[in-house]
Amino acid sequence: MHSVSVAGAVARGDGRLLAIRRADNDRWELPGGVLEIEETPEAGVRREVFEETGVDVEVAELTGVYKNVSLGVVALVFRCKPIGGAECTSDESTAVQWLTPDEVAERMTEVYAIRLLDALDGSGPHVRSHDGRHLIPAG
């Protein structure tokens, strides 16, 4: 059985990207979570980003599909633009920060950093698989 999650690659005009440090594992990731049955992917992204960061977003295009083959989770990542709200932590996040692409690459594991970096390149949507820690080469 598969689970579907959604995440927002939220970029400001200065090129910084919205990231959270998760409360459950202390890892830096982009905001997102499990899509609820009755939600559209876009509504799920707006909800998850707001719940975890306090930032309201406008959802744009799909930038990638990422499958964790170990857990059977398929993540849909959408490019988003901040349109309001104020950064704050939640029960799910212990820190909310706007990171540069270099800081994303330094702080996040490969499988999460690539989701934000893919969203920046504008050539997507990308389709990638991983084992929870490392990308699996296509083929």
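Before reading on, note that the structure itself is shown above.
Now for a quick tour of the structure. All figures in this text were calculated on a predicted structure; none of them were measured in a lab. (Residues numbered from 1 in each chain as written. Predicted model: local features only at pLDDT ≥ 70, side-chain atom pairs only at ≥ 80, totals over all residues. Heavy atoms only, no water.)

### A closer look at the overall build of the chain
Test applied: Only runs of H or I of at least four residues qualify as helices and only runs of E of at least two qualify as strands under DSSP, and these elements are numbered from the N terminus. Note that the radius of gyration is over C-alpha atoms, with the globule rule given as 2.2 Å times the number of residues to the power 0.38. Between buried and exposed lies partly exposed: a residue is buried under 20% and exposed over 50% of the maximum accessible area for its type, with that area taken using a 1.4 Å probe on protein chains only. Note on definitions: a residue-residue contact is assigned when non-hydrogen atoms from the two residues lie within 4.5 Å.
Across its full length, the chain holds three helices and nine strands. In the chain, the order of α-helices and β-strands from amino to carboxyl end is β-β-β-β-α-β-β-β-α-α-β-β. By the compact-globule yardstick of 14 Å for 139 residues, the chain fits well, its C-alpha radius of gyration being 14 Å. Its C-alpha atoms put the chain at 40 × 35 × 30 Å along the principal axes. Looking at the chain as a whole, 41% of its 139 residues qualify as buried. Partitioning the contacts of the chain with sequence separation of at least 6, the portion at a separation of at least 24 is 65%.

### Notes on the side chain of E48
With respect to the element layout, E48 can be found in helix 1 (residues 41–53). Given a relative accessible area of 5%, E48 falls into the buried group. Excluding residues within four positions of it along the chain, E48 makes contact with V6, G32, G33, V34 and E92.

### Notes on the nonpolar core
Among soluble globular proteins, nonpolar side chains are generally buried collectively. Formally: Here, the term nonpolar core denotes a set of buried Ala, Val, Leu, Ile, Met, Phe, Trp, Tyr and Cys residues that are joined through side-chain atoms within 4.5 Å.
Counting 19 residues, the largest nonpolar core has A9, W28, L30, V77, V104, M108 and L116 as the members making the most contacts within it. Contacts of L116, omitting those with residues within four sequence positions, involve A9, L17, L18, L30, V104 and M108. Residues I20, V74, C80 and W98 belong to the second largest nonpolar core, which totals 16 residues.

### Re the sheet that holds strand 3 (residues 28–29)
Selection rule: Strands are labelled as partners when DSSP assigns at least two bridges between them. A fitted line through C-alpha atoms represents every axis, and for helices the fit uses only the stretch in contact; the resulting angles, taken between N-to-C directions, go from 0 to 180 degrees.
Pairing in this open sheet of three strands is antiparallel, and the strands run 3-2-7 from one edge to the other. Two strands bound the open sheet, and with one partner strand each, they are strand 3 and strand 7 (93–99). Lying on the sheet, helix 1 is in contact with strand 2 (17–22) and strand 7; it crosses strand 2 at an angle near 65°.

### Thoughts on the sheet that holds strand 8 (residues 126–130)
Taking strand neighbours across the sheet as the criterion, the six strands line up as 4-1-6-5-8-9 in an open arrangement whose pairing is mixed. Two strands lie at the open edges of the sheet, namely strand 4 (32–34) and strand 9 (135–136), each paired on one side alone. Across eight bridges, strand 1 (residues 3–10) lies against strand 6 (residues 73–85) in parallel orientation. Each residue of the ladder has a partner; that of V6, found in strand 6, is L76. Seen against the sheet, helix 1 touches strand 1, strand 4, strand 5 (55–68) and strand 6 and runs at an angle of roughly 110° to strand 5.

### Description of the layout of surface pockets
Formally: Site definitions follow a grid-based scheme: protein atoms alone, a 1 Å grid, a 1.4 Å probe that fits but cannot get out for cavities, and for pockets an open set with protein on both sides within 12 Å along at least five of seven lines, plus lining residues having an atom within 4 Å of a point. Grid points are joined across faces, edges and corners, and a volume is the space filled by probe spheres set on the points. Amino acids outside the nonpolar list (Ala, Val, Leu, Ile, Met, Phe, Trp, Tyr, Cys, Pro) and the charged list (Asp, Glu, Lys, Arg) are all regarded as polar, and Gly is one of them.
Reported here for the largest pocket is a volume of approximately 500 Å³. Lining the largest pocket are 25 residues; nearest its centre among them are S5, R22, E29, Y112 and R115. Listing elements by their share of the lining of the largest pocket, those giving two or more residues are strand 1, strand 2, strand 4, strand 5, strand 6 and helix 3 (110–121). Residue composition of the lining of the largest pocket, grouped by class: eleven nonpolar, seven polar and seven charged.

### Overview of helix 1
Convention followed: Given a helix with a known number of residues, its expected span is that number minus one, times 1.5 Å.
Given a rise of 1.5 Å per residue, 13 residues ought to cover 18 Å, and the 18 Å separating the end C-alpha atoms of helix 1 matches this to within 8%. Contacts made by the buried residues of helix 1 are with strand 1, strand 2, strand 4, strand 5, strand 6 and strand 7. Phi turns positive one or two residues past the end of helix 1, at G54, with a value near 80°.

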